[in-house]
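So the chains spell out like this:
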Amino acid sequence: MSDSVDLDDGSELLDQQLTSDRMVVTSQWSLIWYKFRRHKLAMIGLTVTLLIYLIAATAGFLSPSVPSKFQPKFTYAPPQTIHFFKQNEMGESEYFPHVLGYKTTVNPESFKRSYVIDETQVVPIGMFVKGEKYNFLGMFASETHLFGPIDKKHPFYLIGADRLGRDLLTRTLYGARVSMSIGLVGVALSLVIGVILGGVSGFYGGIMDRVIQRVIEFIRSIPTIPLWLGLATAMPQDWPAIWVYFFILIILSLIGWTEIARVVRGRFLSLRTEDFVMAARLDGVSEMRIILRHMMPSLFSHIIAAVTLAIPNMILAESALSFLGLGLQPPIVSWGVLLQDTQNLRAITQAPWLFVPGICVVVAVLALNFLGDGLRDAADPYS
Amino acid sequence: MNNRKKPILQVKNLSVDFPIHKQTIKAVQDVSFDLYAGETLCVVGESGSGKSVTARAILQLIVNPGKIMQGELLFESLEGAVDIAQLDKKGKQIRKIRGNEIAMIFQEPMTSLSPVHTIGHQLVEAILLHNDISKAEAKSQAAELLRRVKIPNPEQALNSYSFEFSGGMRQRAMIAMALSCKPKVLIADEPTTALDVTTQAEILDLIAELQKDEEMAVLFITHDMGVVAQIADRVMVMYRGQKIEDGLVQQVLEQPKEAYTKALLNSVLKLETPPMHAKPDAKPKTIIDVKDLKLQFSSGGGLFKKPTLVVKAIDGVNLTINEGERLGIVGESGSGKTTLGRSLLGIYPPNEGVINYTRKTGEIIQIEKANKATLKSIYGEMRMIFQDPHSSLNPRMTIFETIAEPLRANTDMSMAQMRDRVQFLLEKVGMPSEVANRYPHAFSGGQRQRICIARAIALNPRVIIADEPTSALDVSLRHQVLDLMLNLQKEFGIAYIFISHDISVVRYFCDRVAVMEKGKIVEIGDVAQICDAPQHPYTQKLISSVPRPDLKYRKKPLLQTTMAYGDV
């Protein structure tokens with residue numbers, strides 16, 4: 001007990017407790033981190049989430065093409081496999097990364113295209129190749145892609161192509177930008193509404209609390225999809241894509257805040273009766289300062305956890321809206337927009353790889369949920 | 001005296017470890033003791049001394065991640081001697097012993113009974129688990145048990161739920177359940193700590209009586225030296241996981257051998273010898289004058305519903321508090337003493353009555369009618385100390401921030417001035433000023449309460465309302481905190497309203513005492529008069545129920561020698 005303090009009358013001996021020194025000196029945040037690290041699934045969630053956001057940020061560089069580049073010749077072209085070695089004339093294998101091109105036949109009756117891998121067409125590929133122009137991190141223009149065909153006119157579809165012969169891999173990577181950011185920005189907006197209304201509800205209680213809680217129950221009882229549909233139809237058709245993006249954000253936040261408000265209210269309710277809040281009141285501290293200085297620090301970690309759990313809901317909602325064609329519209333690329341293609345039964349029998357953006361949604365939502373669960377468990381290190 | 005030589009339970013070199021955060025807390029280290037049939041062994045110690053862990057180890061009930069590291073727990077079971085330490089935690093054998101041969105009762109009777117089953121259902125289940133009899137027989141046995149623990153109308157009580165019972169009744173039901181299989185050993189882990197003194201006295205009597213009938217060995221864990229003096233045959237003192245001393249109760253209490261035991265006893269006995277009480281001034285100046293105060297709590301109301309249930313928390317109280325005086329308010333839980341203290345601060349608005357507060361300037365303010373700004377200005381003069389020093393300090397604020405908060409809100413001191421003032425206050429409460437930048441969780445309960453006192457005196461108050469400031473502390477710390485408050489009074493002339501259920505603390509600290517029962521003050525007067533010659537029957541009952549740490553007041557006969565047990 002190196003931390004014990006000598007007391008005046010020498011009965012220090014009696015005033016010691018079995019506290020471990022380590023617990024005494026560590027700060028709140030390192031305790032949270034300590035507890036979080038032991039949650040294996042949450043650590044995986046954190047890693048995957050960070051990876052997805054990193055991919056979203058550098059999508060232009062990582063993807064071999066740009067999302068708008070189309071080649072009608074390669075409608076629904078199947079995925080290609082990367083070959084690393086090629087047999088030269090001498091019959092020896094040499095290192096030569098490449099993919100094989102397609103031989104296309106069109107059925108004269110059904111006009112259905114069928115692709116056969118053409119062993120003779122060799123498309124050489126490489127790292128840091130010059131390709132289509134894009135903006136790196138939205139700051140400077142670049143032509144360099146991490147990997148791609150040496151000649152940008154050659155077909156290169158690692159996970160296949162869509163209806164217009166666009167590279168699905170590129171589009172999925174770009175889609176992460178909108179889908180993942182709509183979660184973040186949307187939650188930021190719901191956070192503001194949620195913390196204010198939840199805080200008022202929990203701190204003042206009484207009539208205010210009852211009214212706000214009934215409003216939340218009302219909002220949550222409205223079937224979400226018809227509500228979105230209604231709100232989305234209110235959006236003028238000729239709005240530019242960026243306006244649509246923000247309009248969708250607002251729609252999602254109008255429902256998303258309820259969950260955060262409930263968490264905040266619950267914490268406020270339990271904190272309000274704590275003795276230290278009463279003590280602050282008797283110190284003559286103003287209400288604003290009680291909320292911000294005395295209560296907020298204890299709420300912070302809980303709010304972070306609630307926010308992390310709210311992001312996946314936003315992502316799912318965006319996907320659902322866009323899938324129905326009422327959310328974001330092409331040319332904006334999001335996972336939900338990409339999934340619109342899977343509405344066509346014939347398209348998916350012919351090109352099942354169109355589901356790849358759906359898998360991305362599942363992975364992202366699971367990762368964020370695991371992360372949020374871990375944060376929630378770790379949020380109160382003193383419990 | 002009985003002449004059984006063989007102990008029913010022998011604990012040999014017991015050690016229990018709790019591995020936490022890569023390091024190990026040795027909760028119990030190398031503890032050995034014997035327990036004989038028919039005797040009461042009291043285990044005393046402060047919080048964290050390992051007394052509860054020892055008791056739980058005997059039944060293999062240690063919570064994770066605790067583990068018995070070494071030692072033997074030799075128990076004379078019906079089927080011969082067994083070493084409980086070797087048994088599987090969830091095995092058949094230990095389950096047979098638990099409840100059947102060794103029973104345990106816990107501190108909190110609310111949480112140890114299921115709220116969704118009737119008392120009868122739980123009792124019958126316990127009886128059927130260990131006996132091969134029909135349900136009807138079990139039911140009549142259950143009723144008989146409730147009669148034995150003196151629950152009125154046992155047949156009716158069988159159909160009641162635990163929440164319909166008071167704390168004392170619940171503890172009785174728990175005891176009935178523990179006794180349902182005629183155990184040879186009863187382990188009681190602070191069974192009366194959560195109860196009022198009058199109830200505590202009844203429960204202690206009950207346990208003693210049942211013990212006599214059944215020749216049961218009782219291992220009684222407590223921190224209350226008064227209880228020890230009243231019921232123990234032998235005492236074992238524990239400190240930081242180790243056994244410090246054991247022996248017959250008269251040996252340990254009257255001729256303690258170890259320094260720790262002496263220190264512990266001194267801190268208890270100090271409360272028995274009151275300090276100088278101030279002689280009342282001929283013309284005391286009144287600070288607070290309460291007239292006909294009535295306050296009701298109502299519940300059950302909703303958005304469209306009128307409140308239905310009404311509780312009269314304060315029912316016509318008249319009270320005056322004079323300058324520089326120490327007024328005690330005693331009463332059992334639910335008597336309205338805390339509510340009274342809080343309504344003086346305007347926290348709960350009263351339904352009727354007047355609370356007049358006389359300011360330093362002579363101006364009289366009616367607290368029940370005061371607006372927020374007036375109340376705020378009074379809060380500098382009237383301060384409060386809370387019961388639980390763990391919840392009354394904000395865990396996310398440093399000690400400096402906490403103590404400076406009233407200064408920040410009520411004065412326009414600069415940062416440097418506040419630093420000086422906080423340093424001064426910390427010195428006044430006996431804390432080194434370096435602690436100002438630490439967070440509360442770095443301090444023990446007693447140190448935290450000192451910090452709370454520093455916060456209370458930050459604005460030079462005239463009155464401090466102290467709501468059970470010592471009841472969450474270990475006995476050894478109580479008189480330290482009380483002495484600190486007394487010293488501060490001498491220096492700053494503060495008046496205290498001291499709310500407590502603990503008569504010994506009130507006797508030590510207060511000049512004048514008001515006894516509350518069911519929202520009314522039944523008796524008020526000088527501390528000596530109330531404690532030594534109480535007039536009202538309720539006060540008499542209250543005073544006589546307090547177990548005193550003095551063998552003079554003991555009713556139970558003392559064992560004269562341990563030789564009857566053989567060695568020791």
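Residues numbered from 1 in each chain as written. Chains lettered and ligands numbered in written order. Predicted model: local features only at pLDDT ≥ 70, side-chain atom pairs only at ≥ 80, totals over all residues. Heavy atoms only, no water.

Using the following cut-off: UniProt positions are given in the numbering used here, feature names are shortened, and annotations may be inferred rather than shown by experiment.
Taking an unreviewed UniProt entry as the reference, chain A is identified by name as Peptide ABC transporter permease belonging to OCS116 cluster bacterium. Under the Sequence similarities (unreviewed entry) heading, UniProt states for chain A: "Belongs to the binding-protein-dependent transport system permease family." For the record of chain A, the UniProt heading Subcellular location (unreviewed entry) holds the text "Cell membrane".

### Considerations on the overall build of chain A
Cut-off, in case you're wondering: By definition, any uninterrupted DSSP run of H or I lasting at least four residues is a helix, any uninterrupted run of E lasting at least two residues is a strand, and each is numbered from the N terminus. The reference for a compact globule is 2.2 Å times residues^0.38; the radius of gyration itself is calculated from the C-alpha atoms. Buried residues are those whose accessible area, probed at 1.4 Å on protein chains only, stays under 20% of the maximum for their type, while exposed residues exceed 50% and partly exposed ones sit between those limits. Working rule for contacts: check all heavy atoms of both residues, and any pair within 4.5 Å makes them a contact. For accessible areas, the Shrake-Rupley method is used with a probe of radius 1.4 Å. Any residue's cover is judged against the shown protein chains and nothing else. In this count, Lys and Arg are taken as positive residues and Asp and Glu as negative ones, while His and the chain termini are left out. The atom standing in for a charge is NZ when the residue is Lys, CZ when it is Arg, CG when it is Asp and CD when it is Glu.
A count of helices and strands for chain A gives 13 helices and 4 strands. Relative to the compact-globule value of 21 Å for 383 residues, chain A shows a C-alpha radius of gyration of 28 Å, a clear excess of over 25%. Over its C-alpha atoms, taken along the principal directions, chain A stretches across nearly 95 × 55 × 35 Å. Taking all 383 residues of chain A together, 46% fall into the buried category. Of the contacts made within chain A by residues no fewer than 6 positions apart, 65% connect residues no fewer than 24 positions apart. For chain A, the accessible surface area stands at approximately 19,000 Å², while carbon and sulfur atoms represent 66% of it. Taking the 31 positively charged and 31 negatively charged side chains of chain A as two groups, their mean positions are separated by 10 Å.

### Here we look at the environment of A:Phe70
Residue and element names in this part refer to chain A. Position of Phe70 among the secondary structure elements: in the loop between helix H4 (59-62) and strand E1 (83-87). Expressed as a C-alpha distance, the spacing of Phe70 and Asn88, which sit 18 residues apart in the sequence, is 33 Å. Those residues within four positions of Phe70 in sequence are excluded, and the remaining contacts are Leu164, Gly165 and Arg166.

### Things to note about the sheet that holds strand E18 (residues 495-500) of chain B
Residue and element names in this part refer to chain B. Our working rule: In this scheme, strands are said to pair when DSSP sees at least two bridges between them. Interaxial angle, 0 to 180 degrees, is taken between N-to-C directions of lines fitted to C-alpha atoms, where a helix line uses only the stretch in contact.
The strand order E16-E17-E18-E13-E19-E20 describes an open sheet built from 6 strands, whose pairing is mixed. Strands with a single pairing partner mark the edges of an open sheet, and in this sheet they are strand E16 (382-385) and strand E20 (520-526). With direction set aside, neighbouring strand axes in the sheet form an average angle of 15°. The pairing of E16 with strand E17 (residues 463-467) spans 4 bridges and is classified as parallel.

### Here's the deal with the UniProt feature "transmembrane region" (unreviewed entry) in chain A
All names here are of chain A. Those places that UniProt annotates as "transmembrane region" (unreviewed entry) correspond, in this numbering, to residues 41-62, 182-206, 242-264, 298-315 and 351-371. Taken end to end, residues 41-62 comprises 95% helix and 0% strand; its first and last C-alpha atoms sit 27 Å apart. What you have in residues 182-206 is 96% helix and 0% strand, and the ends, taken at the C-alpha atoms, are 35 Å apart.

### A closer look at the confidence of the model for chain B
Put simply, the test is: The predictor attaches a confidence to each residue, called pLDDT, with possible values from 0 through 100.
A residue-level look at chain B finds 93% of positions with pLDDT of 70 or above and a mean pLDDT of 84. Across the interface, the model reports ipTM at 0.77; the global pTM reads 0.76.

### Description of a nonpolar patch on the surface
All names here are of chain A. Test applied: Residues forming no salt bridge and having over 30% relative accessible area are the ones grouped into patches, like charges within 9 Å of each other and nonpolar side chains (Val, Leu, Ile, Met, Phe, Trp, Tyr) within 5 Å. For this analysis, a salt bridge means a side-chain nitrogen from Lys or Arg found within 4 Å of a carboxyl oxygen belonging to Asp or Glu.
Together, Leu184, Val185, Ile242, Trp243 and Phe246 make up a nonpolar patch on the protein surface, roughly 490 Å² of accessible area in all. Mapped onto the nonpolar patch, the elements with two or more residues apiece are helix H5 (168-204) and helix H8 (241-272). Element by element, the count of residues in the nonpolar patch is highest for H8, at 3 residues. Looking at where Phe246 falls in the secondary structure, it is placed in helix H8.

### Points about the pairing of strand E3 (residues 40-44) of chain B
Residue and element names in this part refer to chain B. Of all 5 residues in E3, 5 are buried, a share of seventy percent or more. Of the two faces of E3, the one lined by Thr40, Cys42 and Val44 and the one lined by Leu41 and Val43 are each fully buried. With 5 bridges connecting them, E3 and strand E8 (residues 217-222) associate as parallel partners. Bridged to Cys42 within E8 is Phe220.

### What to know about the UniProt feature "domain: ABC transmembrane type-1" (unreviewed entry) in chain A
When the UniProt feature table is mapped onto this chain, "domain: ABC transmembrane type-1" (unreviewed entry) is found at residues 176-372 of chain A. With 81% helix and 0% strand, residues 176-372 of chain A has its two end C-alpha atoms placed 19 Å apart.

### Observations regarding the pattern of salt bridges
Residue and element names in this part refer to chain B. According to the stated counting rule, one finds 33 salt bridges over all chains in the structure shown. A salt bridge links Glu190 to Lys51; its shortest N-O distance comes to 3.7 Å. Remark: Lys51 occurs in helix H1 (residues 51-58) and Glu190 occurs in the loop between strand E7 (185-189) and helix H7 (197-214); sequence separation between them is 139 residues. A network of salt bridges, in which partner residues are shared, links Lys285, Glu323, Arg359, Glu381 and Arg462.

### A few points about unusual backbone geometry
Residue and element names in this part refer to chain B. In the Ramachandran plot, Asn13 falls in the positive-phi region, its phi being about 50° despite a non-glycine side chain. Mapping Asn13 onto the fold places it in strand E1 (residues 9-20). Residue classification places Asn13 among the partly exposed residues on the basis of a relative accessible area of 35%.

### A look at the pairing of strand E6 (residues 102-105) of chain B
Residues and elements named next belong to chain B. Across the two faces of E6 the burial is the same, with Ile102 and Met104 and Ala103 and Ile105 all buried. Bridge count for E6 against E7 is 4 bridges, and the pairing is parallel. In the sheet register, Ala103 faces E7, and the bridge partner there is Leu186.

### With respect to the packing of aromatic side chains
Selection rule: Each aromatic pair joins two rings of Phe, Tyr and Trp (for Trp, the six-membered one) with centres within 6.5 Å, and gets the label stacked for planes under 30 degrees apart, edge-to-face for over 60, and tilted for any other angle. The criterion for a charge sitting over a ring is simple: Lys NZ or Arg CZ within 6 Å of the ring centre, and within 35 degrees of the ring normal.
If you walk through the whole model with that rule in mind, you get 14 aromatic pairs over all chains. Summarising the aromatic geometry, the rings of A:Trp33 and A:Phe36 are spaced 6.0 Å apart at their centres and angled 25° between planes, so their arrangement reads as stacked. One end of the pair is A:Trp33 and the other is A:Phe36, both in helix H2 (residues 28-37) and 3 residues apart, which spans about a single turn. Look at A:Trp239 and A:Trp243: their rings are 5.4 Å apart centre to centre, the planes differ by 75°, and that puts the pair in the edge-to-face class. Grouping aromatic residues by their ring pairs yields a cluster made of A:Phe203, A:Tyr204 and A:Phe268. Above the face of the A:Phe96 ring, A:Lys86 is positioned so that its terminal group lies 4.8 Å from the ring centre. The residue whose ring lies beneath B:Arg419 is B:Phe400, and the NZ or CZ to ring-centre distance is 4.0 Å.

### Let's talk about helix H11 (residues 337-344) of chain B
Residue and element names in this part refer to chain B. Within H11, 7 of the 8 residues are buried, which leaves it mostly tucked inside the rest of the structure. Listed in full, the buried residues belonging to H11 are Lys337, Thr339, Leu340, Gly341, Arg342, Ser343 and Leu344. With its phi angle positive at about 75°, Gly346 sits one or two positions after the end of H11.

### Considerations on the side chain of A:Ser319
Residue and element names in this part refer to chain A. Among the secondary structure elements, Ser319 is positioned in helix H10 (residues 287-323). The class of Ser319 is buried, set by a relative accessible area of 7%. Not counting chain neighbours up to four residues away, the residues in contact with Ser319 comprise Gly336 and Val361.

### Focus on the sheet that holds strand E2 (residues 23-35) of chain B
All names here are of chain B. If you walk across this open sheet you meet the 4 strands as E2-E1-E4-E5, and the pairing is antiparallel. At either margin of the open sheet sits one strand with a lone partner, and together these are E2 and strand E5 (80-83). When the angles between neighbouring strand axes are averaged without regard to direction, this sheet yields 15°. Sheet topology places E1 next to strand E4 (residues 67-77); 7 bridges connect them, and they run antiparallel. Residue Leu9 lies in a different strand from E4, and its bridge partner there is Phe75. Strands in contact with H1 are E1, E2 and E4; relative to E1, the strand with the most contacts, it is inclined by about 115°.

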